[in-house]
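# What the coordinates show
These are the residues of each chain, in order.
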Amino acid sequence: MSLQLQISGLSKTYANGVQALKDVSLTIPTGMFGLLGPNGAGKSTLMRTIATLQEPDSGSITLGNIDVVRQKDDVRRILGYLPQEFGVYPKMSAEAMLNHFAVLKGIHDAKARKEVVEALLHQTNLWEVRKLNLGGYSGGMRQRFGIAQALIGDPKLIIVDEPTAGLDPGERNRFHNLLAEIGENIIVILSTHIVEDVSDLCSQMAIISHGRVLLTGDPANTIDEMKGRIWKKTIAKPELTSCQERYAVISTRLVAGRTVVHVLSESDPGDGFEQVDPDLEDVYFSTLSRAGEIAA
Ligand code: ADP
């Protein structure tokens, strides 16, 4: 049976009183899992807890037959982690830094280490720039380097926290392709507030907000379930307030200077609305707005 991460009843309140996780339960199978939520939702708290960097107040996490909260060393042996804030030594080359991380991960045989480092530099498309200092890397190169270090030691679980924030579309695309390759055989958890990261990559996802899981499932299925319920209308900006008063507006977006609103309605609202094929953004915003989490 393939590896599975099981999270049950996880809660965490910080010393300042912020309840970052509220009874979170999730089953995360092999493959790419998207954890989608706005800033402050509790994603990093959950990622750091799975990565054994902090402990929950209550609840449990198991990875296969490892108790993640208690058997930290066993988790760390099979974990690759790319944190949100990933510091590198700017004056070191990617090759030297990877070599250093490989030593830390316990690959002591020099020949074996060289092979691992070279393979990772190829895999992440950094071979040509391996001698350059990390300080000169672009955002996309730095994130691919982050994945290279996370892959050292053949991890079974990879956690990447907000990896595409700040990447331009080309870099994001390259990064997505890299993650998609990795995610075939192991568990990859991708935490993000960017809906396309999940729709492009993930076979399973959870939407979380204010520390609570609001929705889980296969993104394609959740989109199917929205069919026939999303309606769109282009309005002038001054009309927005009255529109919001009358309809369940889930998102607004400016297109060529006009405001396009999407509303959630079980039947045709009339009034010039037309039905649209939902996408994951509609799922995301309607889930948040139904939970009363945002004013669209
Ligand atoms: P996300 O990654 O989804 O942005 P976080 O897990 O970083 O969410 O934060 C969830 C909530 O917990 C936020 O309200 C945040 O301000 C708070 N928080 C995060 N880390 C700490 C901490 N170390 N001490 C106190 N509050 C924290």
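For the structure itself, consult the block above.
Since we're looking at a predicted model, the values are computed, not measured.

The next point concerns helix 1 (residues 43-50). The element helix 1 is extensively covered by neighbouring structure, given that seven of its eight residues are classed as buried. Within the span of helix 1, buried status applies to Lys43, Ser44, Thr45, Leu46, Met47, Thr49 and Ile50.

Turning our eyes to something else, we now look at the sheet that holds strand 12 (residues 249-255). Ordered in space as 12-13-11-14, the four strands form an open sheet in which the pairing is antiparallel. Each edge of the open sheet is held by one strand with a lone partner, namely strand 12 and strand 14 (274-275). As judged from the two bridges shared by strand 11 (residues 230-235) and strand 14, these two strands associate in the antiparallel manner. What sits directly across from Trp231, in strand 14, is Gln275. Packed on one face of the sheet, helix 10 (residues 280-290) meets strand 11, strand 12 and strand 13 (258-264) and runs near 135° to strand 12.

With that settled, the discussion passes to the packing of helix 3 (residues 94-104) against helix 4 (residues 110-123). For the pair helix 3 and helix 4, interaxial distance at closest approach is 10 Å and the crossing angle is 130°. One finds that helix 3 runs oblique with respect to helix 4. You can see that helix 3 and helix 4 cross each other, and the crossing is right-handed. For the pair formed by helix 3 and helix 4, the contact residues are Ala94, Glu95, Leu98, Asn99, Ala102 and Val103 on the first element and Arg113, Val117, Leu120 and Leu121 on the second. The residue inventory of the contact of helix 3 with helix 4, partitioned by class, reads seven nonpolar, one polar and two charged.

A few words on unusual backbone geometry. Unusually for a residue other than glycine, Asp23 sits at a positive phi of about 55°. The topology assignment puts Asp23 in strand 2 (residues 19-28).

About the criteria used
- Residues numbered from 1 in each chain as written.
- Predicted model: local features only at pLDDT ≥ 70, side-chain atom pairs only at ≥ 80, totals over all residues.
- Heavy atoms only, no water.
- Buried < 20%, exposed > 50% of the residue type's maximum accessible area, 1.4 Å probe, protein only.
- Helix = DSSP H or I, 4+ residues; strand = E, 2+ residues; numbered from the N terminus.
- Pairing = 2+ DSSP bridges.
- Contact = heavy atoms within 4.5 Å.
- Axes fitted to C-alpha atoms, helices over the stretch in contact; angles between N-to-C directions.
- Parallel < 35°, antiparallel > 145°, perpendicular 65-115°, else oblique.
- Left-handed = near helix turned anticlockwise from the far one by under 90°.
- Nonpolar A, V, L, I, M, F, W, Y, C, P; charged D, E, K, R; others polar.

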